[in-house]
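Residues per chain, in single letters:
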Amino acid sequence: MARSKDMSGRRNTTSRAAFLMTTTCAAALCLPGVALAQNASAAPRQIETITVTAQKREESLQDVALSVQVLDNTFLDQQRVTDFEEYAQLLPSVSFNSVGPGSAQIYIRGISDGGDGNASGSQPSVGLYLDDQPVTAIGRNLDVHIYDVSRIEVLGGPQGTLYGANSQAGTLRIITNAPDASGFEAGYDLSTETVSEGGVGYTAEGFVNLPLGDRAALRIVGWHDQSAGYIDNVAATKTFSRSGITVDNAPYVEEDFNEETTTGARAALQIDLDDNWTLTARALHQTQETEGVWDHDPEDVGDLEVERFFNDRSEDTFTQLGATVEGRIAGMDVTYSGSFLDREVEYDNDYSEYAEYSSYIDYYTCYYAYDSAAGAYDFYACEDPRIQYQDRSQYTRDSHEFRLATPQENRLRLIAGVFYQRAEHDFDFDWNIPTIKPGMAVDGELAYFTTNQVREDTEAAIFGELSYDLTDTLTATVGARVFDTDSSIEGFVGTVFTGSPDVDVEQSESGSLYKFNLTWQPNSGRLFYATVSEGFRPGGVNRSSTSNIPGTYDSDLITNYEFGWKTMLADGVLRFNGAAFLMQWDDVQFTRFDPSESPLGLTQNAGEAQVLGLEADISWLATDNLTLTGAMTLLQAELSEDFSQNINATTPDAPDGTELPYIPSVKGYLNARYEFAWRDFDAFWNVRGSYVGRSYNDLFVANRSEQEAYALLGLSAGLGRDNWTVTAFVRNVTDERAELYRNATDFDSRITTNQPRTFGVSLSQRF
């Protein structure tokens, strides 16, 4: 079924209208007179205190001299946030690219080199944490189902001293609810939704908190989420230009074929061993299965339509086990946290378009053997050159941290510890041609090219931060981290033509990072700080080397200069926090595929970049019934010197001043929630608008294209009584086709887009 492609003008108009509405409202919120007028009209409520652990101890958000954007449990529930894409829309400092569930590459504060997620290349510049464990993965950050989550914290800027490797640009933390021995609690949430021009989905979630006496509690959580499809794989034929072979995709044609099923459970047991010591043990298991793709080809095929010639599917299963011991020794808080993660990914993807662009495929589908006497390949009839890419990955990671902290009320305060983590990625990537000529496949299978390797990365570190109250209102903090990292790759990469390209390389590196902070807190409602901090991304190894690119590369470093503020205004009904910053990025790691250099993607230290930014968030209890919240980030992220893949190039591939890829210059959201009594019910309505500015999908000027700006609007309303609530909601009211990611690596013009207009209803009950 073909769909109209004449909707772009309407969508652009609604984008501009939604953005105008959002920015106008945001401007109104920032007027102190408005807040004070509302404050004078009625006895105001007070904004609730948000507790965070961004600095490895429990503190009020307003007392942390650090830029932290927080989505707490209440807000996550109100906005019905369940996955990465949904919460990323509410975190303006976070941007990403993705081809579907479980494949996101995350960027914070504009730090992006445009890497393609090569498992043998650079590590991410953002640390992703699930509770106390870093779970960062190249090109496949965990897409954890969000339910019964205490909060999501985004720590903007380098977090090198307390969080170490990968927290170069910032840290994103998902913190689950802990067991509570003070009382029984349980609940469930059921929802169903229908997607415009798509299918029907549903979600079932539930939790129970069971006290086990006065000193122990068990919390169990479960979920099953069946998402609705909205992309059609339409009937098509394709004739390959060199072989002349024509194929059709009849076996794979299907409407709404991009379906996702996520099922999981989590359990946590907390035991107070005595008055000073507590043990918490956690286990989490999740399986995420997908069919189809989350991108469409509106320019060449049709709106929400693609042409695929093989199955696209994935299965991503992980188990996390962890334990935390907390206590006191000699007046100091003592914490040990250890976690283990085991993850398996199976991913199949139609890669047939590559056969049209690569002359190498002819050798695997049309030629059999080289005749040395004739000086040519013996020719046979060409076979179907379609390609199926297969990824079979096994991830394991264990991490351990032991730290000490002096009491927070001391004038001289210290937090210090030791940290160790080891991450292994055992991966087998095959590019299969089912009709490959005999003798042309690697290891006698179907693959014309394979990467079968084991990558191991370790980090060991000693860290600490020392704070001293110079006066009752002025505090100085100095932090440091001393680290050792090691990275290695071992295995096979290549084709039948490449001989024996076994790889066995290793690189080790040592270094140190520093942080300096000065905080002024003139009263309980205002805090101002200035910070200079550093963050790093570990170096690594290449699978090959050339005359221009060595076999190893070093860590790259970000130095951050930041001024920030935390304020509570208008007698506690208006919270306004923000930060302005300049980040200098040196020895940037670039991972690129350049056939003139090597048939492999290689990483090098080259170039410099900088990001100038401003971020702010606001929460205003406008009346006793109306709450307005919002956040915004403005960025100027660009290269600060020319970059060329080849040192002999006369013209740079990306000149000084080139905007960094995947980074919108503006991103923000505004949410209005009105709660009121209607007859015998507790009622509410909620309106949320978000805006993401335009960005580019590649660093190199000759290759990249612009990803258009977009705006999204969501509505919801509900009724409740006693312990239940019924909610009706509409997501993407204007039916916007957001350009989340213009695919720059798969040889066609597909665009990952968001879910179309969606209507739904949910039932929640608490006991």
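Just so it is clear, the model here is predicted, and its values are computed rather than measured.

**Section: the overall build of the chain**
In step 1: Summing up its helical and strand segments, the chain has seven helices and 46 strands in all.
In step 2: Compactness check: the chain gives a C-alpha radius of gyration of 27 Å against a globular reference of 27 Å for 767 residues, within 12% of the reference.
In step 3: With respect to the three principal axes, the spread of C-alpha positions in the chain is 95 × 60 × 55 Å.
In step 4: Counting all 767 residues of the chain, 57% fall into the buried class.

**Comments concerning the state of the cysteines**
Throughout this description, disulfide means a covalent bond between two cysteine sulfur atoms.
In step 1: Overall, the coordinates contain one disulfide when judged by the stated rule.
In step 2: A sulfur-sulfur distance of 2.0 Å marks the disulfide that ties C366 to C382. Taking the sign of the S-S torsion, 115° for the link of C366 and C382, the bridge is right-handed. Here C382 lies in the loop between strand 23 (376-379) and strand 24 (388-405) and C366 lies in the loop between helix 7 (361-365) and strand 22 (367-371), a separation of 16 residues in the sequence.

**Things to note about the environment of R386**
In step 1: Assignment of secondary structure puts R386 in the loop between strand 23 and strand 24.
In step 2: Counting along the chain gives 139 residues from R386 to V247, while the straight-line C-alpha distance between them is 8.7 Å.
In step 3: Among all residues touching R386, those that are not within four sequence positions of it are F240, V247, D248, Y252, F309, F310, S352, N432, I433 and P434.
In step 4: Side chain to side chain, R386 and D384 meet in a polar contact 2.8 Å long.

**Quick look at a negative patch on the surface**
In step 1: Residues D554, D587, E608, E641, D642 and D656 make up a contiguous surface patch of negative charge.
In step 2: Residue position: D587 is located in the loop between strand 33 (574-586) and strand 34 (589-593).
In step 3: Here D587 falls in the partly exposed class, since its relative accessible area comes to 48%.

**Examining unusual backbone geometry**
In step 1: Phi is positive for D148, which is not a glycine, with a value near 55°.
In step 2: Structurally, the position occupied by D148 is in the loop between strand 7 (133-134) and strand 8 (149-156).
In step 3: The class for D148 is buried, based on a relative accessible area of 6%.
In step 4: Unlike most non-glycine residues, D735 shows phi in positive territory, near 55°.
In step 5: Among the structural elements, D735 can be located in the loop between strand 43 (724-731) and strand 44 (741-742).

**Considerations on the pattern of salt bridges**
In step 1: In this structure the tally under the stated criterion is 39 salt bridges.
In step 2: D131 serves as the salt-bridge partner of R282, at 3.7 Å between the closest nitrogen and oxygen. You can see R282 sitting in strand 17 (residues 278-291) and its partner D131 sitting in the loop between strand 6 (126-130) and strand 7, a full 151 residues away along the chain.
In step 3: Residue class for D131 comes out buried when judged on its relative accessible area of 9%.
In step 4: The shortest N-O distance in the salt bridge between R392 and D348 comes to 3.0 Å.

**Notes on the packing of aromatic side chains**
In step 1: Under the defined criterion, the tally for this structure stands at 30 aromatic pairs.
In step 2: Aromatic pair Y389 and W431: ring centres 4.9 Å apart, planes at 45°, arrangement tilted. Residue Y389 is located in strand 24, and its partner W431 is located in strand 25 (residues 412-432); the two are separated by 42 residues in the primary sequence. Grouping residues by exposure puts Y389 and W431 together as buried.
In step 3: Taking 5.9 Å as the distance between ring centres and 15° as the angle between the ring planes, the aromatic pair formed by F643 and F700 counts as stacked. With F643 in the loop between strand 37 (626-639) and strand 38 (666-678) and F700 in the loop between strand 40 (695-696) and strand 41 (706-707), this pair connects stretches of sequence that are 57 residues apart. Taken individually, F643 and F700 each receive the classification buried, so the pair is uniform in this respect.
In step 4: Taken together, the aromatic side chains of Y347, Y351, Y354, Y389, F427, F429, W431 and F449 make up a single cluster linked through ring pairs.
In step 5: The positively charged end of K56 is found above the aromatic ring belonging to Y163, 4.4 Å away from the centroid.
In step 6: Seen from the ring of F240, K238 lies directly overhead, with NZ or CZ sitting 5.7 Å from the centre.

**Section: the sheet that holds strand 18 (residues 295-296)**
In step 1: Read from one edge of the open sheet, three strands run 18-45-44, paired in antiparallel fashion. Across the chains shown, the open sheet's two edge strands, defined by having one partner strand only, are strand 18 and strand 44.
In step 2: Of the strand pairs in this sheet, strand 18 and strand 45 (residues 751-752) are connected by two bridges, and their pairing is antiparallel. Bridge pairing in strand 45 links H296 to I751.

**Concerning the pairing of strand 21 (residues 332-350)**
Regular strands place side chains that alternate from one sheet face to the opposite one.
In step 1: Note: strand 20 (residues 313-329) against strand 21, 17 bridges, orientation antiparallel. Paired with T319 across the two strands is D342, which belongs to strand 21.
In step 2: Pairing of strand 21 with strand 24 involves 18 bridges; the strand directions are antiparallel. Paired with Y336 across the bridge in strand 24 is F402.

**Here we look at the nonpolar core**
In step 1: Within the largest apolar cluster, 58 residues are counted, with the highest numbers of intra-cluster contacts made by Y87, I152 and I174.
In step 2: At four residues, the largest contribution of residues to this core is made by strand 37.
In step 3: Sequence-distant contacts of Y87, defined by excluding residues within four places in its chain, comprise L71, V81, I146, I152, L172 and I174.
In step 4: Counting 33 residues, the second largest nonpolar core, distinct from the first, contains A137, F309, A355 and I361.

**A word on the sheet that holds strand 3 (residues 68-72)**
In step 1: One open sheet holds the five strands; their spatial order is 3-8-9-6-7, and the pairing between them is mixed. The two strands at the open ends of the sheet, each matched to only one other strand, are strand 3 and strand 7.
In step 2: Relative to strand 7, strand 6 is paired through two bridges, and the arrangement is antiparallel. In the sheet register, Y129 faces strand 7, and the bridge partner there is P134.

**Points about a nonpolar patch on the surface**
In step 1: Side chains of L412, L414, L466, Y468, L470, V478, Y514, F516, L518, V532 and Y561 sit close together on the surface and give an oily, nonpolar patch of about 940 Å² of accessible area.
In step 2: Counting only elements with at least two residues in the nonpolar patch, the list comes to strand 25, strand 26 (447-469) and strand 28 (502-523).
In step 3: At three residues, the largest contribution of residues to the nonpolar patch is made by strand 28.
In step 4: Topologically, L412 is positioned in strand 25.

**What to know about the confidence of the model for the chain**
In step 1: Confidence in the prediction for the chain averages 90 pLDDT; 93% of positions are at 70 or higher.
In step 2: No element of the chain has a lower mean pLDDT than helix 2 (residues 32-41), at 38, and none a higher one than strand 12 (residues 216-226), at 98.
In step 3: Low pLDDT (under 50) marks residues 1-42, which in the prediction has 55 contacts with non-local residues, meaning those over four places away or in another chain.

Cut-offs applied
Residues numbered from 1 in each chain as written. Predicted model: local features only at pLDDT ≥ 70, side-chain atom pairs only at ≥ 80, totals over all residues. Heavy atoms only, no water. Helix = DSSP H or I, 4+ residues; strand = E, 2+ residues; numbered from the N terminus. Rg over C-alpha atoms; globule rule 2.2 N^0.38 Å. Buried < 20%, exposed > 50% of the residue type's maximum accessible area, 1.4 Å probe, protein only. Disulfide = S-S within 2.5 Å. Contact = heavy atoms within 4.5 Å. Polar contact = N/O pair within 3.5 Å; in protein donor to acceptor, adjacent residues only side chain to side chain. Patch = residues over 30% accessible without salt bridge, like charges linked within 9 Å, V, L, I, M, F, W, Y side chains within 5 Å. Areas by Shrake-Rupley, 256 points an atom, 1.4 Å probe, with all protein chains shown as cover. Salt bridge = Lys/Arg side-chain N within 4 Å of Asp/Glu carboxyl O. Lys, Arg positive; Asp, Glu negative; His and termini not counted. Charge placed at Lys NZ, Arg CZ, Asp CG, Glu CD. Phe/Tyr/Trp six-rings, centres within 6.5 Å; stacked < 30°, edge-to-face > 60°. Lys NZ or Arg CZ within 6 Å of the ring centre and 35° of its normal. Pairing = 2+ DSSP bridges. Core = buried A, V, L, I, M, F, W, Y, C linked by side-chain atoms within 4.5 Å. pLDDT = per-residue confidence, 0-100.

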